[in-house]
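What follows is the residue order along each chain.
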Amino acid sequence: MPSQEVADPRRRLPSIDRLLASPDVQRLIELYGRPLVTVQAQRTLQALRDAGASDPEAVESALGDLPARLAAGIVEALGPPLLRVLNATGILLHTNLGRAPLPTDLAAALPALLDASCDLEIDLASGRRGERNGRAEHLLRLLTGAPAALVANNNAAVLVLVIATFAAGREVIVSRGELVEIGGSFRIPDILAAAGGRLVEVGTTNRTTLADYARAIGERTGLLLKVHPSNYRIEGFTTSAAVEELAGLAARHRLPLLVDEGAGLLRAREEPQLREHRAMRELLAAGAPLVCGSGDKLLGGPQAGLLLGAAALVERCRRHPLYRALRPSRMTLAALELVLRRHAVEERLPLDALWPQAEAHHRRLEQVAAQIGAELVPANAFVGGGAAPEEPIPGEALALAGGEPLLRALRTGEPPVVGYVRDDRLLLDLRTVAVADDELLVAAVHRAREVAAAAGATA
Ligand SMILES: *Cc1c(COP(=O)(O)O)cnc(C)c1O
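Definitions and limits used
- Residues numbered from 1 in each chain as written.
- Predicted model: local features only at pLDDT ≥ 70, side-chain atom pairs only at ≥ 80, totals over all residues.
- Heavy atoms only, no water.
- Domains from an automatic or database assignment.
- Core = buried A, V, L, I, M, F, W, Y, C linked by side-chain atoms within 4.5 Å.
- Buried < 20%, exposed > 50% of the residue type's maximum accessible area, 1.4 Å probe, protein only.
- Contact = heavy atoms within 4.5 Å.
- Helix = DSSP H or I, 4+ residues; strand = E, 2+ residues; numbered from the N terminus.
- Expected span 1.5 Å × (residues − 1).
- Pairing = 2+ DSSP bridges.
- Salt bridge = Lys/Arg side-chain N within 4 Å of Asp/Glu carboxyl O.
- Axes fitted to C-alpha atoms, helices over the stretch in contact; angles between N-to-C directions.
- Left-handed = near helix turned anticlockwise from the far one by under 90°.
- Nonpolar A, V, L, I, M, F, W, Y, C, P; charged D, E, K, R; others polar.
- Polar contact = N/O pair within 3.5 Å; in protein donor to acceptor, adjacent residues only side chain to side chain.

1. Structural notes on the domain arrangement of the chain
At step 1: Looking at the chain, the domain boundaries give domain 1 (4-78), domain 2 (86-94 + 356-458) and domain 3 (117-348).
At step 2: Taking the mean C-alpha position of each, domain 1 and domain 3 sit 56 Å from one another.

2. So, the nonpolar core
At step 1: Within the largest apolar cluster, 44 residues are counted, with the highest numbers of intra-cluster contacts made by Leu140, Ile173, Leu224, Leu336 and Leu340.
At step 2: In contact with leucine 336, other than residues within four places in its own chain, are Ala136, Val151, Leu299, Pro302, Ala304 and Leu306.
At step 3: With 33 residues, the next largest nonpolar core counts Ala148, Val172, Leu307 and Leu313 among its residues.

3. Some points on helix 9 (residues 155-167)
At step 1: Compared with an ideal rise of 1.5 Å per residue, which puts 13 residues at 18 Å, helix 9 spans 17 Å between its outermost C-alpha atoms and is within 8% of the ideal.
At step 2: Taking burial as the measure, the 13 residues of helix 9 include 13 buried ones, the bulk of the element.
At step 3: Once helix 9 finishes, glycine 169 follows within two positions and takes phi at roughly 70°, a positive value.

4. Let's talk about the pairing of strand 3 (residues 148-152)
At step 1: Among the 5 residues of strand 3, 5 are classified as buried, and the element is accordingly described as predominantly covered.
At step 2: Residue alternation in strand 3 divides its side chains into two sets, Ala148, Leu150 and Ala152 and Ala149 and Val151, and both sets are buried.
At step 3: Relative to strand 9 (residues 305-309), strand 3 is paired through 5 bridges, and the arrangement is antiparallel. The residue bridging valine 151 from the neighbouring strand is leucine 306, located in strand 9.

5. Overview of unusual backbone geometry
At step 1: Following glutamate 414, the chain continues into proline 415 via a peptide bond in cis, with omega recorded as -5°.
At step 2: Structurally, proline 415 can be placed in the loop between helix 18 (403-411) and strand 12 (417-418).
At step 3: Even without a glycine there, the phi angle at arginine 99 is positive, about 55°.
At step 4: Within the secondary structure, arginine 99 sits in the loop between strand 2 (91-93) and helix 7 (104-114).
At step 5: A positive phi angle is found at arginine 254, which is not glycine, with a value near 50°.
At step 6: Residue position: arginine 254 is located in the loop between helix 12 (243-252) and strand 7 (257-262).

6. Points about the pattern of salt bridges
At step 1: Applying the stated criterion to the full structure yields 24 salt bridges.
At step 2: For arginine 69, the salt bridge goes to aspartate 65, with nearest N and O atoms at 3.3 Å.
At step 3: Residue class for aspartate 65 comes out partly exposed when judged on its relative accessible area of 32%.
At step 4: The closest approach of N and O atoms between arginine 363 and glutamate 359, which form a salt bridge, is 3.9 Å. Of the two residues, arginine 363 and glutamate 359 are both situated in helix 17 (residues 358-372); the distance of 4 residues between them amounts to about one turn of the helix.

7. Considering the packing of helix 4 (residues 34-52) against helix 6 (residues 66-78)
A packed helix pair is summarised by two numbers, namely the angle formed by the two axes and the spacing between the axes.
At step 1: Helix 6 packs onto helix 4 with a crossing angle of 115° between their chain directions and a minimal axis gap of 9 Å. Like other packed secondary-structure pairs, helix 4 and helix 6 cross with a definite hand, here right-handed. Listed contacts from helix 6 to Leu36, Val37, Gln40, Ala41, Thr44, Leu45 and Leu48 of helix 4 are Leu66, Arg69, Leu70, Gly73, Ile74, Ala77 and Leu78.
At step 2: Within the contact of helix 4 with helix 6, the residues separate by chemical class into 10 nonpolar, 3 polar and 1 charged.

8. Here we look at the side chain of glutamate 137
At step 1: Looking at where glutamate 137 falls in the secondary structure, it is placed in helix 8 (residues 134-144).
At step 2: Relative accessible area serves as the criterion here: at 4%, glutamate 137 is assigned to the buried category.
At step 3: In terms of polar contacts, glutamate 137 uses its side chain to reach the backbone amide nitrogen of valine 151, at 3.1 Å.
At step 4: Not counting the four nearest positions on each side in its chain, glutamate 137 is found in contact with Ala149, Leu150, Val151, Arg318 and Tyr323.

9. Topic: the sheet that holds strand 5 (residues 198-202)
Pairing between the strands of a sheet comes from backbone hydrogen bonds, and it takes one of two forms, parallel or antiparallel.
At step 1: Overall, mixed pairing links the 7 strands, which are arranged 3-9-8-7-6-4-5 in an open sheet. Bordering the open sheet on either side are strand 3 and strand 5, each of which pairs with just one other strand. Neighbour to neighbour, the strand axes of the sheet diverge by 25° on average, direction disregarded.
At step 2: Pairing geometry for strand 7 and strand 8 (residues 290-294), over 4 bridges, is parallel. For aspartate 260, the partnering residue across the bridge sits in strand 8 and is cysteine 292.

10. What about the sheet that holds strand 11 (residues 393-401)?
At step 1: Reading across from one edge, 2-10-11-14-13 is the order of the 5 strands in this open sheet, with mixed pairing throughout. The sheet is open, and its two edges are formed by strand 2 and strand 13 (420-422), each paired on a single side. Recorded for the sheet is a direction-independent mean angle of 45° between the axes of neighbouring strands.
At step 2: Relative to strand 14 (residues 425-428), strand 11 runs antiparallel, the two being bridged by 4 bridges. Within the sheet, the bridge partner assigned to alanine 399 lies in strand 14 and is leucine 427.
At step 3: Relative to strand 14, helix 18 is tilted by about 40°, and along the sheet it contacts strand 11, strand 13 and strand 14.

In structure tokens, the structure reads:
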């Protein structure tokens, strides 16, 4: 019927050209570029034409705010960006939150090395080609006493490289107590198989002796592997072969031994939570011919894999064709070099934030508590990252009424703040938040309370 055709609001939808020419959409084009805005504008119009057949009112109401709908469509099409998050969980090396934060001043030095060219692989003095990883590897040798070092994309890559180099089609001997999964579906047996090695398990879950390894060594053996079990511990009636003994055994059989330290701890630490963890320097001193660890755990650097050890062994890994696929990016090398230089001049790590000077930290907590109406309660922090013992580090945190709704509002706020809920209260541990971010945190809590209250009122 003619009268209905005239009333069809789809007829009032603008053409694509008219929509793109409107001032509001012109501003979107400045922000997002013409190609993306055009595609999204076509989609928005088409969606309204499709919906309009059965739901004219939806089109009617959309006509008033087409540019806003278009903007929302563009944001959705791009997907959520990576956001800076305040980690108030008390878990420093939180794998879901990007593990170790870089020291602020070092992170501030990075853009200048990234937004232009850099002397990554050139010796400026001679003009000749230089060693790509030379600086970081030199610093690693300096810091650990290792004769040679190699940097890869991450520690998993180092394991793959070492296994592929020494044990492709050959046997890799590992204790049953160390066939662990380290989170993020990192499973030692899977990595081993993917790299072409054949797993030979020795000992039992709780006890593996040197004799177990010795018995398993044969003509097909390519590598002995010892893995730090990280976030997992067997207690009670246990035995494992010491690195010193294994190193001797490997040397007698002229076999390489890789000790996966995991955490990238350069030197021994005195804190009770870390006292038992043998650092890379110690493992090398104990005779381990090859030691590996991560860059973004206890080292406090970017994601990277660090391989240290005897020059002949490390160089064989470097020459393996796979290394070309596993080498780190310029961004990684730039950040790693800065962090290693920092380690060379002062023994301060991001890790130290977990044991703040008690009095100063208490004052800081009281100050923030007063601003957000929180109470101080006993709370444990953790090193985390599946890298160090999951042993608690006692201390204090801020407690707020509000539980889950406030937790959610904070997590989706600006900036997002991640805390945790205990006994229906929201806990914020500031040991994993930089002091410079306190103001942001206070403002975020105020806003999140309003959001949570509004959500509660409509629920
Ligand atoms: C974390 C960890 C890994 C994996 O390191 P990535 O750098 O994340 O690849 C391997 N082995 C051990 C013992 C670890 O703790």
